[in-house]
Amino acid sequence: MNPTLTLAAPRARWRNEYWATLIAGGIVLILLLILAGPLLAILSQALFDPKTEQWGLGSIEAVLDSASLLQSLFNSVKLALMSTLIVIPLAYLYAAALTRSAMPAKGSLRMLALIPLLAPSLLPGIALVYLFGNQGLLKSWFPDGSIYGFWGIVIGQVFFTFPHALMILLTALRVADGRLYEAASALGAGRSRQWFSVTLPSVRYGVLSAAVVVFTLVITDFGVAKVIGGSFNVLALEAYKQVIGQQNFSRGAVIGLLLLVPAVLSFVLDHYAQKKQQALLTARAQTLHIKPTPWLDRCALLFCLVVSGALLLILGTAIAAALIKQWPYQMQLSLQHFNFDDVDGGGWSAFSNSLKMSAYTALFGSILVFTGAWLTEKVATCRGWRPILHLLAMLPMAVPGLVLGLGYVFFFNHPSNPLHALYGTMSILVLCSIAHFYTTAHLTAVTALKQLDAEFELVAASLKVPFWTTAWRVTLPICLPAGLEIARYFFIATMTTVSAVVFIYTPDTMLASVAVLNMDDAGDTAASAAMATLIVISSAAACAIFAVVSHFLQQRSQRWRRQE
């Protein structure tokens, strides 16, 4: 045997493991810079009093003594509670109709209910102005401009948060053990008793998670309140006004910390609920077969049509406002509102910037997320990095986009930061978007990787095949659908986000979602509706392109899944 060959293999393996560990450490360092750094920066800003130039709780105490701020906090909590109380029953009934009835057109109704995910949070506010505002077609429904305030924000938030709650409840209601319902029927339990004794206990944690998500989204969103809130101030909008309007960064940082509190509490509550939900699943569960019940199926179909019709009415109003010459006096169709270069807001370059940012985020975010998840899940020498990587990956779930964006201002704009050169560039927008949406993408990648048997790596190691080769030839092709799903999620979420980027854009990097906000501020509501419509259309087109690419690639790489 040649001694050179016997020594080369361990040396090559050591070199591969060295580089893998180095890359995993590099990914952790990137996450520390784009997540932990901005959060520490906002904390230090909140604890520094610019008037006395001393560290302490003076800024926090001054903010908490403000009666107007406490009123904003009360308004935010009131708004979030009311929106949650409306959204959860609607989303639950919709999800139950899709999963527990035999009504027709379930696929189409599900797709219609998820359409609001393609729109920025500002769109429902704009649509409500055209429907119920001072020049609205249905102005009499909210006389004297009463749509501008609490109920206007509630309606907008219901539109914005409904699909988020629906996705969680659909997942919860799909998990059902048919044996429990058969036993309940055999014991003579009616539908209502089955719901209280079987259905509700099995989905209560899903309902709790959905309520937590809706509450957090409402309390941290400022878009709807900005457009249709009138004089009804909320905490997230107050943070926006302090930073953008008054340049009071210290006060904005304190309000950002206050926004972090309910988000963190919601995250802890949701984490507890998810752990309990997992404990309810058993390996012997049987599929629940839905039997047609004509009157119940008709009621379910009618309910879904009413809800999806209301969602389409809001979306359709925004699109119509973009295409009508002068609402409601000249109702001829026109494309004049798409001349973005004639109004303030960044012109067409804002839209092209959004496309670039979303494409870069989808590309680099997917690579970063999948590489980090693969190294820590499948490469033994990198598993020491797994706890800290998982902790950092979960962090964005508890951090509102507004707080993260504010942290980027303090961290990257600091003159002594070596990364200061990134401030004001497209790169910082991409990094902020990756950090903001990291959690969901990471969980998707980890879930896909955990489905693969560890024997792939063990067999490859026994055959002296480098783990890079195993990843390229086995792991990556099998996980290709999950990788495409991560890229699609990054693209859509980045196209529609406002809160995470509203503090860190510059005139050269103006974005479409921010342009919607600025054009509405300047009174060009029809143009802002047109830009919001473009965001919806481009997001829908991206979904279609990803679906076609995914189908094509799966035909080539996933053929083994169809073999018997």
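Residues numbered from 1 in each chain as written. Predicted model: local features only at pLDDT ≥ 70, side-chain atom pairs only at ≥ 80, totals over all residues. Heavy atoms only, no water.

Q: Got a sec to walk through the packing of helix H3 (residues 67-100) against helix H4 (residues 106-114)? Specific residues and values, please.
A: For the pair H3 and H4, interaxial distance at closest approach is 10 Å and the crossing angle is 155°. Judged by the inter-axis angle, H3 sits roughly antiparallel to H4. Judged by the sense of rotation from one axis to the other, the crossing of H3 with H4 is left-handed. Residues Tyr94, Ala97 and Leu98 of H3 lie in contact with H4, whose contacting residues are Lys106, Leu109, Arg110 and Ala113. Residues of the contact of H3 with H4, tallied by class, amount to five nonpolar, no polar and two charged. (Axes fitted to C-alpha atoms, helices over the stretch in contact; angles between N-to-C directions. Helix = DSSP H or I, 4+ residues; strand = E, 2+ residues; numbered from the N terminus. Parallel < 35°, antiparallel > 145°, perpendicular 65-115°, else oblique. Left-handed = near helix turned anticlockwise from the far one by under 90°. Contact = heavy atoms within 4.5 Å. Nonpolar A, V, L, I, M, F, W, Y, C, P; charged D, E, K, R; others polar.)

Q: If you had to explain the nonpolar core to someone new, which residues and values would you point to?
A: With 170 residues, the main nonpolar core has Tyr94, Phe222, Tyr408, Tyr438 and Met531 as its most contacted residues. Other than its neighbours up to four places away in sequence, Met531 contacts Phe340, Gly347, Ala350, Phe351, Ala512, Ala515, Val516 and Met519. The next biggest cluster of nonpolar side chains, apart from the first, holds five residues, and it includes Ala176, Ala184, Ala189 and Val198. (Core = buried A, V, L, I, M, F, W, Y, C linked by side-chain atoms within 4.5 Å. Buried < 20%, exposed > 50% of the residue type's maximum accessible area, 1.4 Å probe, protein only.)

Q: How would you sum up empty space enclosed by the protein? Please name residues and give values.
A: Rolling a probe over the atoms, with the probe sized like a water molecule, indicates the empty space that remains. Throughout the structure, instances matching the rule amount to one cavity of 30 Å³ or more. In this structure, the largest cavity spans a volume of roughly 30 Å³. In this structure, the largest cavity is lined by Leu35, Leu39, Leu395, Pro396, Val399, Leu404 and His436. A per-class count over the lining of the largest cavity returns six nonpolar, one polar and no charged. (1 Å grid on protein atoms, 1.4 Å probe; cavity = no way out; pocket = protein on both sides within 12 Å on 5 of 7 lines; lining within 4 Å. Points joined across faces, edges and corners; volume = space filled by probe spheres on them.)

Q: Any details on the layout of surface pockets? Residues and values, ideally.
A: By volume, the second largest pocket amounts to about 910 Å³. Along its surface, the second largest pocket is lined by 26 residues, and Arg100, Arg191, Gln194, Ile290 and Leu296 are the ones closest to its centre. When contributions to the lining of the second largest pocket are tallied by element, the ones reaching two or more residues are H3, helix H7 (178-186), helix H8 (191-220) and helix H12 (294-323). Here the lining of the second largest pocket is built from residues that sort into 13 nonpolar, eight polar and five charged.

Q: Go over the pattern of salt bridges with me, naming the residues and quoting the values.
A: For the structure on display, the rule yields three salt bridges. One salt bridge connects Lys226 with Asp521, and the closest N-O pair in it is separated by 2.3 Å. Of this pair, Lys226 sits in helix H9 (residues 223-228) while Asp521 sits in helix H21 (residues 512-521), placing them 295 residues apart in sequence. Look at Asp521 and you get partly exposed, because its relative accessible area is 44%. Here Arg386 and Glu377 are joined by a salt bridge, their closest N and O atoms 3.3 Å apart. (Salt bridge = Lys/Arg side-chain N within 4 Å of Asp/Glu carboxyl O.)

Q: Which residues make up the environment of Val213, and what values go with them?
A: Take Val213: it is sitting in helix H8. Note: C-alpha distance between Val213 and Ile23 (190 residues apart in sequence) is 34 Å. When near neighbours in sequence (up to four residues on either side) are disregarded, Val213 contacts His164 and Ile168.

Q: Got a sec to walk through the domain arrangement of the protein? Specific residues and values, please.
A: Examined at the domain level, the protein breaks down into domain 1 (18-45 + 341-557) and domain 2 (66-282 + 293-334). When each unit is reduced to the centre of its C-alpha atoms, the spacing between domain 1 and domain 2 is 25 Å. On the domain 2 side, the residues contacting the 36 residues of domain 1 number 34 residues. Across the interface of domain 1 and domain 2, roughly 2,900 Å² is buried in total on both sides, 80% from carbon and sulfur atoms. Our enumeration of links across domain 1 and domain 2 arrives at one salt bridge. The interface formed by domain 1 and domain 2 holds two residue pairs in polar contact (both at pLDDT 80 or more) in total. Looking at the side of domain 1 that touches domain 2 residue by residue, the class counts come to 26 nonpolar, eight polar and two charged. (Domains from an automatic or database assignment. Buried area = accessible area lost by both parts, 1.4 Å probe. Polar contact = N/O pair within 3.5 Å; in protein donor to acceptor, adjacent residues only side chain to side chain.)

Q: Before we move on, can you summarise the packing of aromatic side chains with the specific residues and values?
A: Counted by the stated rule, this structure contains 22 aromatic pairs. Where Tyr360 meets Phe364, the ring centres are 6.3 Å apart and the plane angle is 40°; that geometry is what we call tilted. Pair noted here: Tyr360 and Phe364 are both in helix H13 (residues 347-378), with a separation of four residues, about one helical turn. Centroid distance Trp374 to Trp468: 5.7 Å. Interplanar angle 50°. Geometry classified as tilted. Residue Trp374 is found in helix H13, and its partner Trp468 is found in helix H19 (residues 467-478); the two are separated by 94 residues along the sequence. Assessed through its relative accessible area of 31%, Trp468 is described here as partly exposed. Put simply, the rings of Phe338, Phe340, Trp348 and Phe351 pair up and form one aromatic cluster. The ring of Phe150 has Lys78 sitting right over it, with the charged end atom 4.9 Å from the ring centre. (Phe/Tyr/Trp six-rings, centres within 6.5 Å; stacked < 30°, edge-to-face > 60°. Lys NZ or Arg CZ within 6 Å of the ring centre and 35° of its normal.)

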